[in-house]
Amino acid sequence: MKTTQPTAGLLAEFGDTDALIAAARRLHAEGYRQFECYTPFPVEGLAEAMEFRRTRMPLVVLCGALLGLVVGYGLQYWTTVIEYPLNIGGRPLHSWPSFVPVTFELTILTAALFAVLGMLGLNGLPRPHHPLFHIREFSRASSDAYFLWVKSEDPQFHEQTTREALRKLQAQEVWDVPSEP
Amino acid sequence: MTDTHVQSDPSTEPRQTVRSVSQQISAIVLTEGPPRGWWAGFLVSFLLVMLLLVSVGWLFAKGVGIWGINQPVGWGFAIVNFVWWIGIGHAGTLISAILLLFRQEWRTSINRFAEAMTLFAVACAGLFPLLHMGRPQFFFWFIPYPSTTGMWPQFRSPLIWDFFAVGTYATVSLMFWYVGLIPDLATLRDRSRTGRGRIIYGFLAMGWRGSARHWKRYQSAYLLLAGLATPLVISVHTIVSYDFAISILPGWHATVFPPYFVAGAIYSGFAMVLTLSIPLRAVYRLQNFVTDRHLDNMAKVMLASGLVVAYGYLMEHFLAWYGGHQLEEFMLLNRMFGPYAWSYWALIGCNILIPQLLWFKSVRARPLPLFFIAIVINIGMWLERYVIVVTSLHRDFLPSSWGMYEPTFWDWSTYLGTIGLFAALLFLFIRLLPMISIFEMRELVHEHEHSGGASAEAGTS
């Protein structure tokens with residue numbers, strides 16, 4: 001798949017997870033930052049080898065939970081005490097114990113919504129088009145193959161030297177990634 | 001890491017590889033035609049869905065008078081079935097969320113269809129309160145929104161709590177299930193041979209590529225969702241029990257209700273998972289994924305939760321006696337020896353006596369007796385709700401207002417119809433989506449390969 005047009009980088013296939021982790025660690029040590037690994041299942045230690053240690057997911061979910069908590073309780077307080085006060089058997093309007101179940105449910109609901117939408121948003125999904133989808137062999141990334149993509153944006157990237165570096169790291173095969181039109 | 005894996009009994013056959021797992025599970029959806037049993041099962045359940053449509057249509061035309069509900073028994077089958085279905089759903093969340101948090105890796109091969117079961121059970125459960133409303137077209141009055149009437153829902157009412165609990169439960173279950181499916185949808189997209197399959201699965205997979213950063217966020221989100229779903233599932237049946245416990249009716253007004261309802265939900269849910277998985281694994285030859293060890297573990301969970309349920313019954317009786325309240329005492333005696341005594345004793349037989357067979361390893365090791373016991377427990381848990389709803393309501397404070405409850409044809413047809421709907425949705429699910437989580441199986445097999453050495457690779461064909 002040799003093309004003259006500018007490439008979006010190089011895609012390398014590795015034989016197993018250990019080779020992929022070793023390659024990721026080595027590339028990171030050599031100063032590469034714009035590269036990404038693809039595996040058919042979460043591989044322990046791979047993100048760490050790329051020095052990607054912390055995600056903002058817990059913070060996103062905490063924000064969602066707090067939002068649900070405040071809005072859920074506020075909604076019940078405002079409707080029952082201010083907007084539509086009803087005297088039920090002389091009980092106080094602000095009868096907080098009976099507001100607990102709905103507040104709890106809304107806290108969980110918004111936290112879960114933030115977890116799902118936050119995960120998709122931070123991952124940049126949905127994304128129907130992607131340069132890697134042009135490489136036919138990449139379809140095995142969702143079954144039983146392990147890939148590493150060095151992007152051409154990386155300042156370290158140089159087609160010849162990067163290709164040699166990948167070969168030296170036991171890459172089984174290397175493809176040019178066509179850039180998106 | 002290796003130590004725990006060597007100790008724990010591998011929950012898959014050792015000759016599985018990352019490739020064979022992807023191949024075997026996705027082939028059920030992509031290449032193999034449905035087996036004959038699928039067509040037979042789908043046909044029967046589809047006919048029952050038609051029965052449901054007729055029943056609901058007739059209900060909309062005539063009103064809830066076509067059911068057996070009356071004064072004093074205003075709750076009848078609709079609430080019995082609602083609680084039964086929602087309880088069944090709880091095992092799916094328990095398996096996928098709580099067992100994930102406890103790192104019980106045997107859950108991997110059953111969590112996907114247990115989650116689907118949850119989703120469809122909650123859909124069936126949600127139908128009943130809507131149909132029971134009398135004016136189902138106004139169901140949205142439950143939702144707090146600024147309307148021209150200037151009125152708002154009554155947040156001190158357990159029925160409103162129930163609406164929020166079930167609504168949240170359905171939404172979170174759907175999201176949990178879908179998030180779990182995304183990587184598998186990508187697998188189906190990439191393995192599909194037809195253009196239509198690639199487009200549909202590709203659309204649903206949302207461009208999932210399995211990048212290491214994505215997996216990291218994905219795992220974090222999945223774990224957080226499990227952490228959120230765990231208290232949620234307990235809160236849902238607790239709030240369902242509040243529908244009863246917050247009232248002042250003898251037989252309902254009991255503080256033991258929330259824990260005993262939650263245990264009952266887990267009990268019935270595991271019974272339903274066994275009822276479904278035993279025939280499924282036989283028809284689709286999935287014994288290498290859903291092993292005898294899975295059945296054994298589920299039977300043990302069922303036995304334990306069944307004992308908690310038995311404790312709940314015991315406490316109900318103890319408190320009626322110890323409380324010394326005349327109405328409570330009468331309610332219990334009426335339950336045991338009154339006109340509905342048959343349902344009470346059948347319940348004790350189904351939920352307490354027969355399941356004691358699960359103590360024997362020889363029973364737990366055989367799929368057929370296990371299947372039979374699971375069905376008995378399903379019936380028992382339905383009877384439990386029947387006993388709670390009907391015997392408590394039919395003879396309340398004043399003998400002059402006593403009455404009897406008889407379900408009509410339409411009660412039964414609606415109930416059977418929802419069983420058909422549940423089964424039909426499950427049949428469509430196992431036809432169109434992977435019923436076992438492929439990527440989690442891959443992960444499990446890969447871990448076993450790594451701990452067991454490279455010998456596992458040799459079996460690849």
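Since the model is a prediction, treat every value here as computed from it, not as a measurement.

1. Focus on the overall build of chain B
So, point 1. Along the backbone of chain B there are 16 helices and 0 strands.
So, point 2. On C-alpha atoms alone, chain B measures out to a radius of gyration of 23 Å, which is about the 23 Å that the 2.2 N^0.38 rule sets for 461 residues.
So, point 3. Across its three principal directions, the C-alpha atoms of chain B cover 80 × 55 × 40 Å.
So, point 4. Taking all 461 residues of chain B together, 58% fall into the buried category.
So, point 5. Contacts spanning at least 24 positions in sequence make up 81% of the contacts within chain B whose residues lie at least 6 apart.

2. A look at the sheet that holds strand 1 (residues 7–14) of chain A
All names here are of chain A.
So, point 1. Taken in spatial order, the 4 strands of this open sheet run 2-3-1-4, and their pairing is antiparallel. Both outer strands of the open sheet, strand 2 (35–38) and strand 4 (173–178), are each paired with one neighbouring strand and no more. Averaged over all pairs of adjacent strands, the angle between their axes in this sheet comes to 20°, without regard to strand direction.
So, point 2. In this structure, strand 1 lies alongside strand 3 (residues 146–151), joined through 6 bridges in antiparallel fashion. Considered in strand 3, the bridge of Phe14 is made with Tyr146.
So, point 3. Running over the sheet, helix 1 (residues 17–29) touches strand 1, strand 2 and strand 3 and is turned about 15° from strand 3.

3. Section: helix 10 (residues 292–323) of chain B
So, point 1. With 32 residues, helix 10 of chain B ought to run about 46 Å at 1.5 Å a step, and its terminal C-alpha atoms sit 46 Å apart, in line with that.
So, point 2. Where helix 10 of chain B ends, the next residue or the one after it, B:Gly324, has phi of about 65°, a positive value.

4. Quick notes on the interface of chain B and chain A
So, point 1. Counting residues at the interface gives 53 residues for chain B and 63 residues for chain A.
So, point 2. In total, chain B and chain A occlude about 5,300 Å² of area from one another, counting both sides; carbon and sulfur atoms represent 68% of this.
So, point 3. It is B:Arg156, B:Arg209 and B:Arg217 that lose the most area in chain B upon contact with chain A, and together they represent 16% of the buried surface on that side.
So, point 4. Our enumeration of links across chain B and chain A arrives at 2 salt bridges.
So, point 5. Residue A:Glu48 pairs with B:Lys216 through a salt bridge whose shortest N-O separation is 2.7 Å.
So, point 6. At the level of elements, helix 2 (18–30), helix 6 (158–191), helix 8 (212–245) and helix 16 (438–452) of chain B are the ones that each hand at least two residues to the side of chain B that touches chain A.
So, point 7. For the side of chain B that touches chain A, the element with the most residues is helix 8 of chain B, which contributes 17 residues.

5. Overview of the packing of helix 5 (residues 108–132) of chain B against helix 15 (residues 409–432) of chain B
Packed helices, taken two at a time, are described by the angle between their axes plus the distance between the axes.
All names here are of chain B.
So, point 1. Viewed as axis vectors pointing N to C, helix 5 and helix 15 meet at an angle of 150°, and their least axial separation amounts to 10 Å. In this view, helix 5 runs roughly antiparallel relative to helix 15, as classed from their interaxial angle. When the axes of helix 5 and helix 15 are compared, the crossing they make is right-handed. Of helix 15, the residues touching helix 5 (which contributes Arg112, Phe113, Ala116, Met117, Phe120, Ala121, Cys124, Leu127, Phe128 and Leu131) are Thr414, Tyr415, Thr418, Leu421, Phe422, Leu425, Leu426 and Phe429.
So, point 2. A breakdown of the residues in the contact of helix 5 with helix 15 according to their chemical character gives 15 nonpolar, 2 polar and 1 charged.

6. Some words on the environment of B:Asp296
Residues and elements named next belong to chain B.
So, point 1. Along the polypeptide, Asp296 turns up in helix 10.
So, point 2. Spatially, the C-alpha atoms of Asp296 and Arg364 are 5.4 Å apart, while their sequence positions differ by 68 residues.
So, point 3. Filtering out sequence-adjacent residues up to four positions away, Asp296 remains in contact with Lys361 and Arg364.

7. Some points on the packing of aromatic side chains
Residue and element names in this part refer to chain B.
So, point 1. Here the structure, examined in full by the defined rule, presents 60 aromatic pairs over all chains.
So, point 2. For the pair Trp85 and Phe422, a centre-to-centre distance of 4.8 Å together with 45° between the ring planes defines the contact as tilted. Taken as a pair, Trp85 in helix 4 (residues 76–101) and Phe422 in helix 15 lie far apart in primary sequence, 337 residues in all.
So, point 3. The buried category is assigned to Trp85, whose relative accessible area is 0%.
So, point 4. Residue classification places Phe422 among the buried positions, given a relative accessible area of 3%.
So, point 5. Judged by centre distance (5.9 Å) and plane angle (45°), the rings of Trp342 and Tyr386 are tilted. With Trp342 in helix 12 (residues 341–353) and Tyr386 in helix 14 (residues 367–394), the pair connects residues that are 44 residues apart, well separated along the chain.
So, point 6. An aromatic cluster of at least three residues, connected via ring pairs, comprises Phe77, Trp84, Trp85, Tyr340, Trp342, Trp382, Tyr386, Tyr405, Trp412, Tyr415 and Phe422.

8. Structural notes on unusual backbone geometry
Residues other than glycine predominantly adopt negative phi, and peptide bonds predominantly adopt the trans conformation.
So, point 1. Looking along the chain, the bond that leaves A:Leu125 and enters A:Pro126 is cis, with omega of 0°.
So, point 2. By the element assignment, A:Pro126 lies in the loop between helix 4 (100–122) and strand 3.
So, point 3. At the junction of B:Gln71 and B:Pro72, the peptide bond is cis and its omega measures out at 10° in the coordinates.
So, point 4. Its location among the elements puts B:Pro72 in the loop between helix 3 (36–62) and helix 4.
So, point 5. If you check the backbone angles, B:Met206 has positive phi at about 60° while not being a glycine.
So, point 6. For B:Met206, the location among the structural elements is in the loop between helix 7 (195–205) and helix 8.
So, point 7. Judged by its relative accessible area of 13%, B:Met206 falls in the buried class.

9. Things to note about the pairing of strand 1 of chain A
Residue and element names in this part refer to chain A.
So, point 1. Taken across its 8 residues, strand 1 has 8 buried, putting it largely inside the fold.
So, point 2. Note that strand 1 and strand 4 share 6 bridges and pair antiparallel. Of the residues in strand 4, the one forming a bridge with Gly9 is Val177.

10. Some details on the domain arrangement of chain A
So, point 1. We note that the domain assignment places domain 1 (7–54 + 131–178) and domain 2 (57–122) within chain A.
So, point 2. Each of domain 1 of chain A and domain 2 of chain A has a C-alpha centre, and the two are 44 Å apart.

11. With respect to a nonpolar patch on the surface
So, point 1. On the surface, B:Leu130, B:Met133, B:Phe139, B:Phe140, B:Trp141, B:Ile143 and B:Tyr145 cluster together into a nonpolar patch covering about 590 Å² of accessible area.
So, point 2. With respect to the element layout, B:Phe139 can be found in the loop between helix 5 and helix 6.

12. Examining the nonpolar core
So, point 1. B:Trp85, B:Phe244, B:Phe257, B:Phe422, B:Phe429 and B:Met435 are the most contacted members of the largest nonpolar core, which has 170 residues in total.
So, point 2. If one sorts the elements of this core by residue count, helix 4 of chain B sits on top with 17 residues.
So, point 3. Once you skip the residues sitting within four places of it in the chain, B:Trp85 turns out to touch B:Ala121, B:Cys124, B:Ala125, B:Phe128, B:Thr418, B:Ile419 and B:Phe422.
So, point 4. Membership of the second largest hydrophobic core comes to 26 residues, among which are A:Phe14, A:Ala23, A:Ala49 and A:Leu169.

13. A closer look at the pairing of strand 2 of chain A
Residue and element names in this part refer to chain A.
So, point 1. Residues Phe35 and Cys37 of strand 2 are buried on one face, and the alternating residues Glu36 and Tyr38, pointing to the opposite face, are buried as well.
So, point 2. Examined bridge by bridge, strand 2 and strand 3 share 4 bridges and lie antiparallel to one another. Looking at strand 3, one finds that Phe35 is bridged to Val150.

14. Some remarks on the packing of helix 10 of chain B against helix 12 of chain B
Residues and elements named next belong to chain B.
So, point 1. At a closest axis distance of 11 Å, the pairing of helix 10 and helix 12 adopts a crossing angle of 145°. Between helix 10, through Ala310, Tyr313 and His317, and helix 12, the contact on the second element is made entirely by Tyr344, Leu347, Ile348, Asn351 and Ile352.
So, point 2. Its residues assigned to classes, the contact of helix 10 with helix 12 shows 6 nonpolar, 2 polar and no charged.

Here is what the cut-offs are and how they apply
- Residues numbered from 1 in each chain as written.
- Chains lettered and ligands numbered in written order.
- Predicted model: local features only at pLDDT ≥ 70, side-chain atom pairs only at ≥ 80, totals over all residues.
- Heavy atoms only, no water.
- Helix = DSSP H or I, 4+ residues; strand = E, 2+ residues; numbered from the N terminus.
- Rg over C-alpha atoms; globule rule 2.2 N^0.38 Å.
- Buried < 20%, exposed > 50% of the residue type's maximum accessible area, 1.4 Å probe, protein only.
- Contact = heavy atoms within 4.5 Å.
- Pairing = 2+ DSSP bridges.
- Axes fitted to C-alpha atoms, helices over the stretch in contact; angles between N-to-C directions.
- Expected span 1.5 Å × (residues − 1).
- Buried area = accessible area lost by both parts, 1.4 Å probe.
- Salt bridge = Lys/Arg side-chain N within 4 Å of Asp/Glu carboxyl O.
- Parallel < 35°, antiparallel > 145°, perpendicular 65-115°, else oblique.
- Left-handed = near helix turned anticlockwise from the far one by under 90°.
- Nonpolar A, V, L, I, M, F, W, Y, C, P; charged D, E, K, R; others polar.
- Phe/Tyr/Trp six-rings, centres within 6.5 Å; stacked < 30°, edge-to-face > 60°.
- Domains from an automatic or database assignment.
- Patch = residues over 30% accessible without salt bridge, like charges linked within 9 Å, V, L, I, M, F, W, Y side chains within 5 Å.
- Areas by Shrake-Rupley, 256 points an atom, 1.4 Å probe, with all protein chains shown as cover.
- Core = buried A, V, L, I, M, F, W, Y, C linked by side-chain atoms within 4.5 Å.

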